[in-house]
Amino acid sequence: MKVVLKKYKENVFPALLVLMIFGTLLFIWLAPLFIALLTLVWFFKFKTFQNFSLKLKWIWPFLFYFFVFGIAFFFSENTIEGLKILERHISFIVLPFLIFCKKWSKSELVFFLKFYVQIVFIISVVSLIFLLYFYITNVDFVHSMDDTYLQWKLPHLLGFHPTYFGFNIVVANIILLTSSNINNLKNSTLYTALFLSFYLVYMSPRTAILFQFIVWIWFVYNRFSSTETLKYIKTTFAVISLSIMVFLAFKSEYFVTKLMNSISDKRFMLWEPAYDLIKENYFLLGEGLGNGEIQITQYINANNLTQFQVSDLHNQFLMNYLDIGFFGFLAILLLVLRPLIYFKDKALYLFSLIFFISIFTESFLYVIKGIVLFIILSSIFILRSSLLTVKENQK
């Protein structure tokens, strides 16, 4: 027990970062508390400005992202709403500064990655236990519902949004399947990745399953490039598992229904008026921070679109372009894609790819849980890539 406590004490900063990701998924009010704790730990134990000029090239895309939001705030018609949005984006200054201005050891990065995967695994197992208990104690009610009810109920038992938790499962699998040399992957690591993948198929968040297939296809492709004899057994096993995943996904009425609904998804109805507003500003200027939401709300009311309870476009690119203009769009590209210029790490490439695709259908960076999720994970993948680059240069 003392050894475990000592381990967590030595890695209190990365542990807090992991807990912040999942804490804010449940309760957004925990975000400022975690930031305060991280600041205290950083100030009293880890503060360092070593190689700050090097780290600045990793920090400045986050700073630029906040800067364009700050400029757009001065053009906001609703000052209070604009201030709320700007307040959420303060994390783009504080968190990258705390993370990158700390001297990370290899053991701390490894701890973060392992602890993150462990939390994802524990949440998945606990939610299945809760689902089983819910079924046993509500058998008659469950049987009165349609066959897809339990799949819908699964993520909601613990209060997680399926899109966000599904994204975390995919990231956990990226960590697992890129955790070591492709030829030296442990059986336990492979089995954990498979468990999380089949869990995801049952939960059936559309975009997350697409990302999961991308990750596994990448893994299988890289296995085929291996030269070890043992590769044939594990590669065949992985191919069979991937095939079963695809089969089960498209056999699932819940997933297929959600997939078919995507074709005529009502949220796409708001993309056209958003594009028209952007076009009216000559694809250069924005409406001002929060003003885009006001304009879309007016469009909803004018056209009596009662199916929309909120004016969320579910598209980060459109949200930024509408409020901030071209520089809002540019800020996203720099934020997500610029790290790829510095590093050639497959895990970073996979993470950047799935996040880039995900913000076409979800406004991750307009809610605090999405902001925290992206900042922490992208920063950790950058640090991991940096460590791997240093190791390669030393060879």
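Look above for the structure.
**Student:** So what about the overall build of the chain? Which residues, and what values?
**Tutor:** Scanning the chain from terminus to terminus reveals 21 helices and zero strands. The 395 residues of the chain split such that 52% are buried. Across the chain, the fraction of contacts at a sequence separation of at least 24, relative to all contacts at a separation of at least 6, is 78%. Summing over all exposed atoms, the chain offers an accessible surface of approximately 19600 Å²; the carbon and sulfur share of this is 67%.

**Student:** Can you lay out the environment of Leu 83 for me, pointing to particular residues and giving the numbers?
**Tutor:** Checked against the element boundaries, Leu 83 lands in helix H5 (residues 79–88). Relative accessible area serves as the criterion here: at 47%, Leu 83 is assigned to the partly exposed category. When the C-alpha atoms of Leu 83 and Leu 289 are compared, they prove to be 8.6 Å apart, with 206 residues separating the residues in sequence.

**Student:** Help me get a handle on the packing of aromatic side chains, residues and values and all.
**Tutor:** In the structure shown here, the tally under the stated rule is 40 aromatic pairs. Between Phe 22 and Tyr 116 the ring centres are 5.5 Å apart and the planes differ by 40°, which places this aromatic pair in the tilted class. With Phe 22 in helix H2 (residues 12–26) and Tyr 116 in helix H7 (residues 106–137), this residue pair connects regions lying 94 residues apart in the sequence. Tyr 116 shares its class with Phe 22; the two are buried. What links up through ring pairs into an aromatic cluster is the set Trp 58, Phe 62, Phe 100, Tyr 164, Phe 167, Tyr 342, Phe 343, Phe 351, Phe 355, Phe 364, Phe 374 and Phe 381. For the cation-ring pair, Lys 369 lies above Tyr 164, with the distance from its terminal atom to the ring centre recorded as 4.7 Å.

**Student:** Any chance you could break down unusual backbone geometry for me, citing the residues and the numbers?
**Tutor:** With a phi close to 65°, Ser 204 is a non-glycine residue in the positive phi region. With respect to the element layout, Ser 204 can be found in the loop between helix H11 (187–203) and helix H12 (206–224). With relative accessibility at 0%, the residue Ser 204 sits in the buried group. Non-glycine residue His 314 carries a positive phi angle of around 55°.

**Student:** So, the side chain of Thr 189: which residues are in play, and what are the values?
**Tutor:** Counting through the fold element by element, Thr 189 comes out in helix H11. Residue classification places Thr 189 among the buried residues on the basis of a relative accessible area of 14%. The contact partners of Thr 189, leaving out residues within four places of it in the chain, are Leu 176 and Ser 179.

**Student:** Which residues make up a nonpolar patch on the surface, and what values go with them?
**Tutor:** A cluster of nonpolar side chains, Leu 33, Leu 37, Leu 40, Phe 43 and Phe 44, forms an exposed patch at the surface whose accessible area comes to about 520 Å². The topology assignment puts Leu 40 in helix H3 (residues 30–46).

**Student:** Describe the pattern of salt bridges, listing the residues and the values that go with them.
**Tutor:** Enumeration over the complete set of coordinates arrives at two salt bridges. Here Lys 102 ties to Glu 108 by a salt bridge, and the two come within 2.7 Å at their closest N and O atoms. Residue Arg 384 pairs with Asp 345 through a salt bridge whose shortest N-O separation is 3.0 Å. Pair noted here: Arg 384 is in helix H21 (residues 368–394) and Asp 345 is in the loop between helix H19 (339–342) and helix H20 (346–358), with a separation of 39 residues, a long-range link. The class of Arg 384 is buried, set by a relative accessible area of 14%.

**Student:** Tell me about the environment of Val 220, and please be specific about residues and values.
**Tutor:** Topologically, Val 220 is positioned in helix H12. Each C-alpha atom of the pair Val 220 and Thr 236 lies 8.8 Å from the other, and the pair is 16 residues apart in sequence.

**Student:** Residues and numbers for the environment of Phe 134, please.
**Tutor:** Positionally, Phe 134 belongs in helix H7. Residue Phe 134 is classed as buried on the basis of its relative accessible area, which comes to 14%. Through-space distance from the C-alpha of Phe 134 to that of Leu 150 is 9.2 Å; in sequence the pair is 16 residues apart. For Phe 134, the residues in contact, after removing those within four places along its chain, are Phe 141, Val 142, Tyr 149, Leu 150, Lys 153 and Leu 157.

**Student:** So what's going on with the side chain of Glu 287? Residues and values would help.
**Tutor:** Following the sequence through the fold, Glu 287 ends up in the loop between helix H15 (271–280) and helix H16 (291–302). Despite being buried, Glu 287 has no salt bridge partner; Lys 279 is the closest side chain of opposite charge, sitting 14 Å away. For Glu 287, the side chain forms a polar contact with the side chain of Gln 295, separated by 3.4 Å. Apart from residues lying up to four places away in sequence, Glu 287 is in contact with Phe 75, Leu 277, Asn 281, Gly 292, Gln 295, Leu 322 and Asp 323.

**Student:** Mind laying out the nonpolar core, listing which residues take part and the relevant values?
**Tutor:** Phe 112, Tyr 116, Trp 216 and Ile 376 are the most contacted members of the largest nonpolar core, which totals 126 residues. Setting aside its immediate chain neighbours within four residues, Tyr 116 contacts Val 18, Ile 21, Phe 22, Asn 168, Val 171, Ala 172, Ile 175 and Leu 377.

**Student:** Describe the packing of H7 against H11, with residues and values.
**Tutor:** Between H7 and H11, the shortest axis-to-axis distance is 11 Å and the interhelical angle comes to 50°. On the basis of their axis angle, the class for H7 and H11 is oblique. Crossing of H7 against H11: the hand is left-handed. Here H7 contributes Val 120, Phe 121, Ser 124, Val 125, Ser 127, Leu 128 and Leu 131 to the contact with H11, which in turn contributes Thr 192, Phe 195, Leu 196, Tyr 199 and Tyr 202. Its residues assigned to classes, the contact of H7 with H11 comprises nine nonpolar, three polar and no charged.

**Student:** Explain H16 to me, using residue names and the numbers behind them.
**Tutor:** Over its twelve residues, H16 runs 16 Å from end to end, which matches the ideal 16 Å to within 8%, given 1.5 Å per residue. Considered for burial, the residues of H16 that qualify are Asn 291, Gly 292, Ile 296 and Ile 300. Residues of H16 that are buried make contact with H15 and helix H17 (316–324). Directly after H16, the chain includes Asn 304, whose backbone phi takes a positive value near 55°.

What counts and what doesn't
- Per chain, residue numbering runs from 1 following the sequence as it is written.
- Residues qualify for local features only when their pLDDT is at least 70, as the model is predicted, and side-chain atom pairs are given and counted only at 80 or more; totals for whole chains, interfaces and linings, by contrast, use all residues.
- Heavy atoms from the whole structure form the basis of all side-chain values; hydrogens and water molecules are not counted.
- Secondary structure elements are defined from DSSP: runs of H or I of at least 4 residues count as helices, runs of E of at least 2 residues count as strands, and each element is numbered from the N terminus.
- Relative accessibility thresholds used throughout: buried, under 20% of the residue-type maximum; exposed, over 50%; partly exposed, between the two (1.4 Å probe, protein chains only).
- Here, two residues are considered to be in contact whenever any of their heavy atoms come within 4.5 Å of each other.
- Exposure was quantified through the Shrake-Rupley algorithm and a 1.4 Å probe, taking into account, for residues, occlusion by the shown protein chains and nothing else.
- Aromatic pairing here means that ring centres of Phe, Tyr or Trp (its six-membered ring) are within 6.5 Å. Orientation follows from the plane angle: under 30 degrees is stacked, over 60 is edge-to-face, and everything else is tilted.
- Only lysine NZ and arginine CZ atoms are considered, and such an atom sits over a ring when it is within 6 Å of the ring centre and within 35 degrees of the ring normal.
- Residues forming no salt bridge and having over 30% relative accessible area are the ones grouped into patches, like charges within 9 Å of each other and nonpolar side chains (Val, Leu, Ile, Met, Phe, Trp, Tyr) within 5 Å.
- Take a side-chain nitrogen of Lys or Arg and a carboxyl oxygen of Asp or Glu: if they are within 4 Å of each other, that pair is a salt bridge.
- Counting rule for charge: Lys and Arg are taken as positive, Asp and Glu as negative, and neither His nor the chain ends is counted.
- N or O atoms closer than or at 3.5 Å make up a polar contact, with two conditions inside protein: a donor-capable atom paired with an acceptor-capable one, and, for residues adjacent in sequence, both atoms drawn from side chains.
- We define the nonpolar core as a collection of buried residues of types Ala, Val, Leu, Ile, Met, Phe, Trp, Tyr and Cys that are connected through side-chain atoms lying within 4.5 Å of one another.
- To obtain an axis, a line is fitted to C-alpha atoms, over the contacting stretch when the element is a helix, and the angle between two such axes runs from 0 to 180 degrees between their N-to-C directions.
- Should an angle lie under 35 degrees it is considered roughly parallel, over 145 roughly antiparallel, and from 65 to 115 roughly perpendicular; all remaining angles are considered oblique.
- Left-handed describes a crossing in which the near helix is turned anticlockwise from the far one by less than a right angle; the clockwise case is right-handed.
- Residue classes follow a fixed rule: Ala, Val, Leu, Ile, Met, Phe, Trp, Tyr, Cys and Pro count as nonpolar, while Asp, Glu, Lys and Arg count as charged, and any other residue, Gly among them, counts as polar.
- An expected span of 1.5 Å times one less than the residue number is assigned to each helix.

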